[in-house]
Amino acid sequence: MLNFRPLLSALVNNPLTSKTSGCIYTFCCTMSEASKDEPTAKLIKRSHEENEDSAERVQASKRIKAEGENTEDERKYPKKKVVLLMAYSGKGYYGMQRNVGTSEFRTIEDELVTALVKSGCIPENHGDEMKKMSFQRCARTDKGVSAAGQVVSLKLRLMEEVIEKINEHLPAQIKVLGLKRVTQSFNAKNNCDARTYSYMLPTVAFAPKDYDTGNISAFRLEPETLQRVNRLFSLYKGTHNFHNFTSQKAPNDPSARRYIMEMSCGEPFICDNSQFSVITVRGQSFMLHQIRKMIGLVIAVMKGYVNEEVIERSWGQEKVDVPKAPGLGLVLERVHFDRYNKRFGGDGLHECLEWDHEEEAIKTFKEGHIYPTIVETECQEGSMVSWMATLPIHDFKNSAGETQDDKDQKQDNADDGNATD
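Just so you know, these numbers come straight off a predicted model, no measurement behind them. (Residues numbered from 1 in each chain as written. Predicted model: local features only at pLDDT ≥ 70, side-chain atom pairs only at ≥ 80, totals over all residues. Heavy atoms only, no water.)

Remarks on the nonpolar core
Rules: Definition of nonpolar core: a set of buried residues of the types Ala, Val, Leu, Ile, Met, Phe, Trp, Tyr and Cys, connected through side-chain atoms within 4.5 Å. Think of it in three bands: with a 1.4 Å probe and only protein chains considered, a residue is buried below 20% of the maximum accessible area for its type, exposed above 50%, and partly exposed in between. Working definition: helices are DSSP H or I runs of at least four residues, strands are E runs of at least two. Numbering for both runs from the N terminus. Residues are treated as being in contact if the distance between any of their heavy atoms lies within 4.5 Å.
Within the largest apolar cluster, 103 residues are counted, with the highest numbers of intra-cluster contacts made by I166 and Y236. Top contributing element to this core by residue count: helix α7 (residues 290-302), with nine residues. Residues within four places of I166 in sequence aside, it is in contact with L84, L112, A115, L116, S119, C121 and V176.

This is the structure we're talking about:
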């Protein structure tokens, strides 16, 4: 049994508004008598123009002052290119990636950008236009998905105790765990060689389809069953066409070909009186919902809804209806920068992007925020059991038309307003 450790800017009224309004009123009244007193009309017009000039000078003065303050900050804390190591529990958030203008769909990046502005690490206008700080995340994570080793790259003011200052403005379920300087051209997404994810699930997911799911705490995974599960997962290793494992990808789309390095299910363990296990998968990159579909298809095979030949068939040209497992148990564990480390890690100027010194903090965060959320939510809401009840509606022999997941994805997009990976 796991031992979870306790883990606007203010508006300023224009002092010239009332004066300008009075001038406009006087000017309008005078214009009605312009034919009688043309010199007076010219005098009032000149007065109005002088007031406008005065207002512009005041605004320019404020602008220069503000720019001077920013320049002072820049001199004291010049912006540097860095990476931040982040951990977060994704429950309640609509994924990692920020969608400016859709505040009702709160994301992890919304919280991070707010904290960066409040801590003074970036100017306020950088929060509205993230390209100004060269922001890039290593991996987009879907609604509800967590991370223990997410990495983002950006330019920020490198102040004293910068990590602590950022964390002061973050909620407890999001935390910056580390910071390292990188090269000016570094891009968290493009420089990432591989990503490792884990997926925690109740082992009852691998029970036969006629098993009574009303008593999931009684189920125990037999060693022979675990061996078969791992044999099925090993079929994914190598490069395959995963167009059936995401939405809206054509079979001939080159980007649908992905390389999987490892995929396996670990030994089961008891938590909150139920048996769980963790699946680990490492690949160069993953498409929207790809991992959840890879797991969903193996579960469907293990439960007897379809023969295992469907896995190889799913890499072919025909359309296959592949079920998508719930997002609750998915965690971005680690991102890898092997090529960058080999080139720059030993140049005497930059550090290797490894986080050995942060391992304890990562473990503490997972035990305090990620694992308890997965277990408690699963036990209370039964997301895996509810999803398993939908497996019979999938047509695994489907070779044309709209699949069940296509229909579900349309509904997800309508409900979420957010499509991340």
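Regarding the packing of aromatic side chains
What counts here: Here a pair means two rings of Phe, Tyr or Trp (six-membered ring of Trp) with centres within 6.5 Å. Their orientation is stacked below 30 degrees between planes, edge-to-face above 60, and tilted elsewhere. In our convention, an over-ring charge means Lys NZ or Arg CZ found within 6 Å of a ring centre and within 35 degrees of that ring's normal.
Scanning the model with the defined rule gives 11 aromatic pairs in all. Look at Y236 and W315: their rings are 6.4 Å apart centre to centre, the planes differ by 65 degrees, and that puts the pair in the edge-to-face class. In this pair, Y236 is assigned in the loop between α6 (223-234) and β6 (238-241) and W315 in the loop between α8 (309-313) and β10 (330-336), connecting sequence segments 79 residues apart. The class of W315 is buried, set by a relative accessible area of 16%. An aromatic cluster is defined as three or more aromatic residues linked by ring pairs; in this entry it consists of F186, F337, Y340 and F344. Above the ring of W355, the side-chain terminus of K180 is found at 4.8 Å from the ring centroid. Sitting above the plane of the Y305 ring, K209 keeps its charged end 5.1 Å from the centroid.

Things to note about α7
Selection rule: Residue count minus one, scaled by 1.5 Å, sets the expected span of a helix.
The first and last C-alpha atoms of α7 sit 19 Å apart over 13 residues, in line with the 18 Å expected at 1.5 Å per residue. Looking at the residues trailing α7, positive phi occurs at G304, about 90 degrees.

Re α6
Side chains of residues three or four places apart in an α-helix project in the same direction, reflecting 3.6 residues per turn. Basically, it comes down to this: This arc corresponds to the set of directions leading from the helix axis out to the C-beta atoms.
Its 12 residues place the ends of α6 17 Å apart at the C-alpha level, agreeing with the 16 Å of an ideal helix rising 1.5 Å per residue. Looking at α6, one finds that the buried residues are L226, V229, L232 and F233. End-on, the buried residues of α6 take up no more than an arc of 120 degrees, which puts them together on one face. Counted as exposed and oriented over 90 degrees from the buried face of α6: E224 and Q227. On its buried face, α6 sits against β7 (257-265), β9 (274-283), α7 and α8.

A short note on the confidence of the model for the chain
Formally: pLDDT is defined as a per-residue confidence score from the predictor, taking values between 0 and 100.
For the chain, the average pLDDT comes to 82, and 76% of its residues sit at 70 or higher. Per-residue pLDDT stays below 50 along residues 1-36; that stretch engages in 43 contacts with residues further than four places along the chain or on separate chains. Across residues 410-421 the pLDDT falls below 50, and counting only partners more than four positions away or on other chains, this stretch makes 30 contacts in the model.

Overview of the side chain of T196
Short version of the rule: As used in this structure description, the phrase polar contact means that two N or O atoms lie within 3.5 Å; if the pair is within protein, one of them must be able to donate a hydrogen and the other to accept it, and residues adjacent in sequence are counted only when both atoms belong to side chains.
For T196, the location among the structural elements is in strand β5 (residues 194-202). A polar side-chain atom of T196 sits 2.8 Å from a polar atom in the side chain of H336. The residues touching T196, leaving out its near neighbours within four places in the chain, are T280, V281, R282, V331, L332, E333, R334 and H336.

Points about the pattern of salt bridges
Going by this rule: Each reported salt bridge corresponds to a side-chain nitrogen of Lys or Arg within 4 Å of a carboxyl oxygen of Asp or Glu.
Enumeration according to the criterion identifies 15 salt bridges in this entry. The shortest N-O distance in the salt bridge between E111 and R106 comes to 3.4 Å. Classification of R106 by relative accessible area gives partly exposed; the value is 30%. One connected set of salt bridges, linked through shared partners, spans R228, R231 and E308.

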